[in-house]
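Report on the structure
Given next are the chains, with one letter for each unit.
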Amino acid sequence: LRTTPPPKVNITRHARQREYEILPEVEDAFAAELAKRGVKFAHLFKFLLYTGARYGEVTRLDWTSVSNSQVTFLASTVKTAKARTLPLFPPAAEAIAFMREAYSTQPGPFTWAQDHHYFYRRWNPAKKAIGLRHEKDFVPHACRHTCITRLAREGMSTMRLQQWGGWASLTMLQRYSHLEASRDLSDATQRYAIDKPTA
């Protein structure tokens, strides 16, 4: 009979992070497969990938928070310390334009995906179709990691990355610090060319 509590197992946040980076060729193939299951799913994927926002932030957006050129994520959790407004890269802007035309009667562009299982039922078959069935870290959160990695690689500073990603502290950005260089956020869509094909 146990008389003392079992030892506590400490799991660091870093150990639980999904750190799969989506390569451009994988991005294109996967978006095409998602589109076969519904164009809106491909647009949600692109919006996640080119904003680096959390899934919950994106699916809670209402129409007053988005325009053709920017999106504002409100402070709503411990992770998101304060509101932030981001410029939209073309793939994200295209997603908003599509959603505005197809889902203008909904509360927001992606509120239809608030039940993440609805998205996963398209995500997993598309992932299998491109040969990544067993890649356990290829999940929607990989879009966030990929976006931040691309921005860091293009030279965005840690301070700006923190602002872009909406982190309350710099701790979560330590894994990107080796890619740091000082840049400005205001002209990010011109300076950080993550939506342009690589040579």
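Here we summarise the structure given alongside this text. This structure is a prediction, so every number in the text was calculated from the model and none was measured. Starting from 1, residues in each chain are numbered consecutively following that chain's sequence as written. Only residues with pLDDT of 70 or above have their local features reported here, since the model is predicted, and side-chain atom pairs are shown and tallied only from 80 upward, although totals for entire chains, interfaces and linings are computed over all residues. Only heavy atoms go into the side-chain values, all of them from the structure, while hydrogens and water stay out.

Before going further, it helps to spend a moment on the packing of helix H7 (residues 141-153) against helix H8 (residues 158-165). The axes are straight lines fitted to the C-alpha atoms, using for helices just the contacting stretch, and the angles between their N-to-C directions are given from 0 to 180°. Secondary structure follows DSSP: runs of H or I at least 4 residues long count as helices, runs of E at least 2 residues long count as strands, and numbering of each begins at the N terminus. Relative orientation of the contacting elements H7 and H8 amounts to 150°, with a least axis distance of 10 Å. Comparing the axis directions of H7 and H8 gives the class roughly antiparallel. The handedness of the crossing between H7 and H8 comes out as right-handed. Along its contact with H7, which presents Arg 144, Cys 147, Ile 148, Leu 151 and Ala 152, the element H8 presents Leu 161, Trp 164 and Gly 165. Only Asp, Glu, Lys and Arg are considered charged in this grouping, and only Ala, Val, Leu, Ile, Met, Phe, Trp, Tyr, Cys and Pro are considered nonpolar; every other residue, Gly among them, is considered polar. In terms of residue class, the contact of H7 with H8 is made up of 6 nonpolar, 1 polar and 1 charged. Roughly parallel refers to an angle under 35 degrees, roughly antiparallel to one over 145, roughly perpendicular to one between 65 and 115, and oblique to any angle outside these ranges. Each crossing gets its hand from how the near helix is turned against the far one by less than a right angle, where anticlockwise is left-handed and clockwise is right-handed. For this analysis, residues touch if any pair of their heavy atoms sits within 4.5 Å.

Right, let's get into the side chain of Arg 144. Within the secondary structure layout, Arg 144 lies in helix H7. Each residue's exposure class comes from its accessible area (1.4 Å probe, protein chains only) as a fraction of the maximum for that residue type: buried when under 20%, exposed when over 50%, partly exposed otherwise. Working convention for charge: Lys and Arg count positive, Asp and Glu count negative, and His plus the chain ends are omitted. For salt bridges, the criterion is a side-chain nitrogen of Lys or Arg within 4 Å of an Asp or Glu carboxyl oxygen. Of the side chains bearing the opposite charge, Glu 57 lies closest to the buried Arg 144, which forms no salt bridge; the N-O distance is 4.6 Å. Sequence-distant contacts of Arg 144, that is, excluding residues within four places in its chain, are made with Gly 52, Ala 53, Arg 54, Arg 84, Gly 165 and Trp 167.

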